[in-house]
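For reference, the chains in residue letters:
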Amino acid sequence: MKTYQGVIARYRKYLPVTKDTPLVSLQEGNTPLIYASKISARLGPKFKVYLKYEGLNPTGSFKDRGMTLAISKAKEEGVKSVICASTGNTSASAAAYAAKAGLKCIVVIPKGAIALGKLAQALVHKAKVIAVKGNFDDALRLVREISANYPVRLVNSINPHRIEGQKTASFEICDFLGTAPDFHLLPVGNAGNITACWKGYKEYFSCKKITHLPCMLGFQAKGAAPIVKGYPFKNPKTIATAIRIGNPASWEEALSAKEESKGLIDAVSDSQILSAYKLLAEEEGVFVEPASAASVAGLLMLNKRGFFGKIRSKNEKKNIVCTLTGHGLKDPQVAIKAVSSPPVIEAKTEAVAKAAGI
Ligand code: F0G
């Protein structure tokens, strides 16, 4: 039996690898595309909404798709150390793949601003974790400078191999649906993922694997919405720490994805993010981290505005895909704050039955 071997093995003809590229994989990708019946019902009979649950990647986020390629190429080129700035997920992924490859990994994070689970991951995989007194944008500036001056490879999404690997999410979506979706919604932080997904669709289109391109709809958090506003945010703020970014590296590329696909990039508030977060958990059974819920928050916001009501479709239903970028277990602190704590009662049958309401 040939087991699944990750995104490089599956999509190697679309990726910059040769037979000499060592395959550093944790069997990332192949994530489920879950039909969201409750959310679909909110939009009405013309639409089918799917959730691309990237939280089920090996380190719990979509970053693994790009990291497998970035680390495999680093290994091929004889690199010994890798470095990244991160709001948490990139560092978790870099740390795990570097461990697998036997490379040293350095991660620079904004002090006190990354979710607990992600910090634990980087530390457990034995990365050299350095917290700086600044935000993600400061950390990214530092690692860009360091990688330009020291023998260490940058594995943020400025590294083109990251984008190449991440585009495989679009391939999987098209392969699963047998067509491209009509709309693809996703959270936007440093803007690498919207860039990568759009690239993937365009490549599948030019290889005639799909006959139309989706409309790309990206969502930033209101307090960290530089692309929406058109200027960098000096002091970005949002509960969704993964996308707390004031000056995205792939800003221009995200704008191109929006323009070429006739899509949009808009902002959702923290309270919209939290209600989508709860809706996903309570009604669809899918636990995501807050930033991931920005795609669904955006979907619900556009639906309220009548965006989907204007869409014409003859007989066929329109397919909508929301990327859910990271697992809910990454950020237990937000999860616990978002819900009420359980009652503590006597260890007696009647007391438990009463408290359970049965
Ligand atoms: N969702 C999650 C869970 C993320 O971790 C990120 C980015 C995004 C969305 C946004 O994706 O940057 O490609 O637009 N996290 C990066 C990190 C910045 O350091 O882990 P993007």
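Further up the page is the structure itself.
Residues numbered from 1 in each chain as written. Predicted model: local features only at pLDDT ≥ 70, side-chain atom pairs only at ≥ 80, totals over all residues. Heavy atoms only, no water.

A. Expanded view of the sheet that holds strand β4 (residues 104–110). Read from one edge of the open sheet, four strands run β5-β4-β3-β6, paired in parallel fashion. Among the strands making up the open sheet, the edge pair consists of β5 (128–132) and β6 (153–154). As paired elements, β4 and β5 share five bridges and run parallel to each other. From the neighbouring strand, valine 107 faces β5, where its bridge partner is valine 129. Docked against the sheet, helix α6 (residues 136–149) engages β3 (81–85), β4, β5 and β6, running at close to 155 degrees with respect to β3. (Pairing = 2+ DSSP bridges. Helix = DSSP H or I, 4+ residues; strand = E, 2+ residues; numbered from the N terminus. Contact = heavy atoms within 4.5 Å. Axes fitted to C-alpha atoms, helices over the stretch in contact; angles between N-to-C directions.)

B. Region of interest: helix α15 (residues 349–356). For α15, a buried count of zero out of eight residues is recorded, marking the element as mostly open to its surroundings. Two residues or fewer after α15 comes glycine 357, characterised by a positive phi angle close to 75 degrees. (Buried < 20%, exposed > 50% of the residue type's maximum accessible area, 1.4 Å probe, protein only.)

C. Examining the nonpolar core more closely. Grouped together as the largest cluster of nonpolar side chains are 41 residues, with contacts concentrated most on Leu217, Phe219, Val296, Leu299, Phe308 and Ile320. Residues Tyr50, Leu69, Ala169 and Ile227 belong to the second largest nonpolar core, which totals 31 residues. (Core = buried A, V, L, I, M, F, W, Y, C linked by side-chain atoms within 4.5 Å.)

D. Main features of the pattern of salt bridges. A full pass over the atoms with the stated rule returns 14 salt bridges. Among the salt bridges present, the one from glutamate 289 reaches lysine 118, with a minimum N-O distance of 2.7 Å. Here the residue glutamate 289 occupies a position in the loop between α12 (270–283) and α13 (294–304), and lysine 118 occupies one in helix α5 (residues 116–124), the gap between them amounting to 171 residues. With respect to class, glutamate 289 is no different from lysine 118; both count as buried. A salt bridge links lysine 199 to glutamate 164; the nearest nitrogen and oxygen atoms lie 2.6 Å apart. In this pair, lysine 199 is assigned in helix α9 (residues 192–206) and glutamate 164 in helix α7 (residues 160–166), connecting sequence segments 35 residues apart. Residue class for glutamate 164 comes out buried when judged on its relative accessible area of 14%. (Salt bridge = Lys/Arg side-chain N within 4 Å of Asp/Glu carboxyl O.)

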